[in-house]
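The residues making up each chain are set out below.
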Amino acid sequence: AGPPVPTADVVGLWPEGAGGSPPPRRGTEIVCTLLARGGGAPLATPMDSRLPRIRLHPAPSAALLEKLRGGDGVPPLRCTCRIDAWEEGRAFPDGHHVRILGPAGDVDAEVACLLAETGILDDVASPFSPEALGELPRLAPAVGGGPAELGELKEATQRRDERSAVAFSVDPPGCQDIDDAMSVRILSDEFYEVGVHIADVDRFVPAGSHLDAEARRRCTTFYLVDRRYDMLPHFLSGNLCSLHEKVDRLAVSVLFKVRRDTLEIVKENTWFGRTLIHNRAAMTYSQADALLHDRDPNADVAPSHPPLTA
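The structure displayed is predicted, hence computed values, not measured ones.

Caption draft 1: Quick look at unusual backbone geometry. Backbone geometry at Cys219 places phi at a positive 75°, although glycine is not the residue there. The class of Cys219 is exposed, set by a relative accessible area of 59%. At Lys246, a residue that is not glycine, the phi angle is positive and equals roughly 65°. Among the secondary structure elements, Lys246 is positioned in the loop between helix 6 (234-240) and strand 12 (248-259).

Okay, structure coming up:
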């Protein structure tokens with residue numbers, strides 16, 4: 001006998017040029033609107049118009065059906081459903097509802113629909129595990145509730161100290177997770193030293209830890225119009241690993257020497273390593289633009305947006 005040959009069953013055809021993504025496989029959660037019918041099993045209408053309505057078996061609970069039949073003023077419910085089977089000769093497939101997301105038109109319910117449709121609801125909207133939270137560093141809270149101080153981290157004194165350099169960051173108004181900054185130091189009449197600094201998150205998220213697993217699962221921080229879903233707990237992403245102004249922070253940096261007249265980089269003087277920096281000014285884009293055009297950066301400064309959006 002010859003070598004084994006891979007085999008498979010055709011489960012469906014997706015027309016060439018149809019665009020979008022193929023229909024969901026059996027078992028995939030489908031975001032639907034749940035409507036009551038006068039009799040028989042309720043029908044769930046997928047928000048993806050390419051998919052058929054789903055007849056729910058077993059039927060939702062009596063309390064849920066009562067809510068659905070509560071009158072014209074009661075909005076339909078958003079939910080997720082799974083298709084279980086589609087018998088020959090039936091107009092609709094059979095399935096069951098998995099979870100209720102909330103009433104149609106409710107902001108939280110519609111956001112949950114958006115996250116469920118993209119397959120990330122369970123990844124980004126779930127709370128951080130107790131094990132991950134237990135790995136957060138234990139530092140004394142800052143006076144006045146401001147950014148945490150690094151005073152208890154002895155490692156801070158074992159890094160290259162770049163706090164004397166004039167460091168600054170430029171981000172949108174209200175930004176709380178400041179992950180990069182620049183610095184400049186005048187070396188002589190001929191040269192500057194320019195630094196690019198990235199927050200040293202690795203120092204607080206060991207490889208293979210529960211925090212690392214959470215970050216891998218969430219992949220990135222998701223920003224919506226009125227909320228955000230963090231990749232790491234806010235104590236790290238928006239505090240200890242954020243390069244806030246007027247506090248010391250750990251960073252991974254590259255420092256290079258630049259000629260003042262031509263701005264040419266002197267490559268042989270480039271240095272890479274871990275540093276301790278002090279952000280002198282967390283500027284907004286408009287403030288940085290004002291400085292570039294010799295205007296007062298603090299004139300007509302609009303109030304910061306809530307930190308939730310940044």
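Caption draft 2: Representation of the pairing of strand 13 (residues 265-284) in the model. Inspection of the sheet shows strand 6 (residues 160-161) paired to strand 13 by 2 bridges, in the parallel sense. Each bridged residue has a counterpart across the sheet, and for Arg160 the counterpart in strand 13 is Thr275. Of the strand pairs in this sheet, strand 7 (residues 166-171) and strand 13 are connected by 5 bridges, and their pairing is parallel. Considered in strand 13, the bridge of Ala167 is made with Asn279. Of the pairings in the sheet, the one linking strand 12 to strand 13 comprises 10 bridges and is antiparallel in character. Note on strand 13: the bridge partner recorded for Ser253 is Gly273. Here strand 12 folds back onto strand 13 in antiparallel fashion, the turn holding 5 residues, of which Leu263 has a positive phi close to 60°.

Caption draft 3: Spotlight on the environment of Arg217. The topology assignment puts Arg217 in helix 5 (residues 210-218). It is 9.8 Å that separates the C-alpha atoms of Arg217 and Asp122, two residues lying 95 residues apart in sequence. Not counting chain neighbours up to four residues away, the residues in contact with Arg217 comprise Asp122, Asp123 and Ser126. Engagement of the side chain of Arg217 in a polar contact is seen with the backbone oxygen of Asp122, the distance being 3.1 Å. In this structure the side chain of Arg217 is engaged in a polar contact, spanning 2.8 Å, whose partner is the side chain of Glu214.

What counts, and at which threshold
- Residues numbered from 1 in each chain as written.
- Predicted model: local features only at pLDDT ≥ 70, side-chain atom pairs only at ≥ 80, totals over all residues.
- Heavy atoms only, no water.
- Buried < 20%, exposed > 50% of the residue type's maximum accessible area, 1.4 Å probe, protein only.
- Helix = DSSP H or I, 4+ residues; strand = E, 2+ residues; numbered from the N terminus.
- Pairing = 2+ DSSP bridges.
- Contact = heavy atoms within 4.5 Å.
- Polar contact = N/O pair within 3.5 Å; in protein donor to acceptor, adjacent residues only side chain to side chain.

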